[in-house]
Amino acid sequence: CTLRAAIEEVNLNTDVDTITFDIPTTDYGYSSNTGTVTFTISPKKPLPNIEKAVVIDATSQSNGTVVLNGKNAGKACGISTKDKDCTIKGMHIQNFSGDGIKAKSDVFLKNTKISSNKGSGVSSRTDITIEGTDNEFSDNGKSGISSGGDVNAGVIQVENNGGYGIAAKSAVFINGKGSSDFNT
């Protein structure tokens, strides 16, 4: 099914759901022109808000990278959550008119690339946890990472964002070392 349909299914269930990917090479968004295989999802309107706890696991796409491209989505954020935690693994989120990810609850990211959004790369009212070794937040119009709570990160690359690279209301911890007033 489509990502939109998968989000709608998650919203109907009461348990934590996992969205996985198995996009065929015959899909319209398939490309191998850049030397790497990508599967681009290009919504033509905003995706529904996610209302339940969910794991979006793009690492399940066995033969390439899943890119969520908001170029044609109109006025939209990439992934928007209500009051439940959201985990996103291995997805590239780019070119949205709002934030790449906008959450009202905790966000867990692993090996994600969030770039070229007009808002922040990722914005949460609460904590943001970033794991893995391949995380990039670049060229977003506002902050790369903006948290109303803590930011806990391992290996990250944050560059060329219009606002702060990392902005946290509480504290920022990079590889276990922190500061209570880190906003750069």
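Figured I'd write up the structure that's included with this text. Here the structure is a predicted model, which means the values were calculated and not measured. The numbers attached to residues start from 1 for each chain and follow its sequence in the written order. Per-residue local features of the predicted model are confined to residues with pLDDT of at least 70, and side-chain atom pairs are confined, for both listing and counting, to 80 or more; whole-chain, interface and lining totals are unaffected and use all residues. Hydrogens are left out, water is left out, and the side-chain values use all remaining heavy atoms of the structure.

Okay, the pattern of salt bridges next. What makes a salt bridge here is a side-chain nitrogen of Lys or Arg within 4 Å of a carboxyl oxygen of Asp or Glu, nothing more. Scanning all chains against the criterion turns up one salt bridge. Where Asp134 meets Lys113, a salt bridge forms, and the shortest distance between an N and an O atom there is 3.7 Å. With Asp134 in the loop between β13 (128-131) and β14 (136-138) and Lys113 in strand β11 (residues 113-115), the pair connects residues that are 21 residues apart, well separated along the chain. Note on Asp134: relative accessible area 39%, which makes it partly exposed. We count a stretch as a helix when DSSP gives it H or I for four or more residues in a row; a strand needs E for two or more, and each element gets its number in order from the N terminus. Classification of residues uses two cut-offs on accessible area relative to the type maximum, computed with a 1.4 Å probe and protein chains only: under 20% is buried, over 50% is exposed, and between them is partly exposed.

As a further point, take the nonpolar core. Judged by nonpolar contacts, the single largest core of 39 residues is most densely connected at Phe21 and Ile79. The leading source of residues in this core is helix α1 (residues 3-12), at four residues. Contacts between residues were defined by any pair of non-hydrogen atoms, one from each residue, lying within 4.5 Å. Those residues in contact with Ile79, other than ones at most four positions away along the chain, are Leu47, Ile50, Ile56, Leu68, Cys86, Ile88, Ile93, Gly100, Ile101 and Lys102. In this description, a nonpolar core means a group of buried Ala, Val, Leu, Ile, Met, Phe, Trp, Tyr and Cys residues linked to one another through side-chain atoms lying within 4.5 Å.

Next up on the list: the side chain of Thr81. Assignment of secondary structure puts Thr81 in the loop between β6 (79-80) and β7 (86-89). In contact with Thr81, other than residues within four places in its own chain, are Ile50, Cys86, Lys102, Ala103, Lys104 and Ser105.

Pairs were defined over the aromatic rings of Phe, Tyr and Trp, the Trp ring being its six-membered one, requiring ring centres within 6.5 Å. Orientation was assigned from the angle between planes: stacked under 30 degrees, edge-to-face over 60, tilted for the rest. Applying the stated criterion across every chain, the model contains one aromatic pair. Here Tyr30 and Phe39 contribute two aromatic rings whose centre-to-centre distance is 5.4 Å and whose plane-to-plane angle is 50°, an arrangement assigned as tilted.

Let us look at the environment of Lys89. Position of Lys89 relative to the elements: it lies in strand β7. Look at Lys89 and you get partly exposed, because its relative accessible area is 30%. When the C-alpha atoms of Lys89 and Tyr164 are compared, they prove to be 24 Å apart, with 75 residues separating the residues in sequence. With sequence-adjacent residues up to four places away left out, Lys89 is seen in contact with Val55, Ile56, Asp57, Ala58, Thr59 and Lys110.

If DSSP finds at least two bridges between two strands, the strands pair. What the five strands build is an open sheet, ordered β6-β9-β12-β15-β18; its pairing is parallel. Strands at the two margins of the open sheet, each flanked by one partner only, are β6 and β18 (166-168). In terms of strand pairing, strand β15 (residues 145-147) meets β18 through three bridges, oriented parallel. When the bridges of β18 are listed, Ser147 appears paired with Ala168.

Now for the pairing of strand β3 (residues 38-41). Relative to β3, strand β2 (residues 30-31) runs antiparallel, the two sharing two bridges. Among the inter-strand pairings, Tyr30 is bridged to a residue of β3, identified as Phe39. Strand direction decides the pairing type here: β3 and strand β5 (residues 65-69), joined by four bridges, are parallel. Bridge pairing links Thr40 to Val67 in β5.

For Asp139, which is not a glycine, the phi torsion comes out positive at approximately 60°. Along the chain, Asp139 turns up in the loop between β14 and β15. Judged by relative accessible area, Asp139 falls into the partly exposed class, the value being 41%. With phi around 55°, Asn160 is a residue other than glycine that occupies positive phi space. Residue placement: Asn160 occurs in the loop between β17 (157-159) and β18.

A separate point is the sheet that holds β14. Taking strand neighbours across the sheet as the criterion, the seven strands line up as β2-β3-β5-β8-β11-β14-β17 in an open arrangement whose pairing is mixed. Each of the sheet's edge strands pairs with one partner strand only, and the pair in question is β2 and β17.

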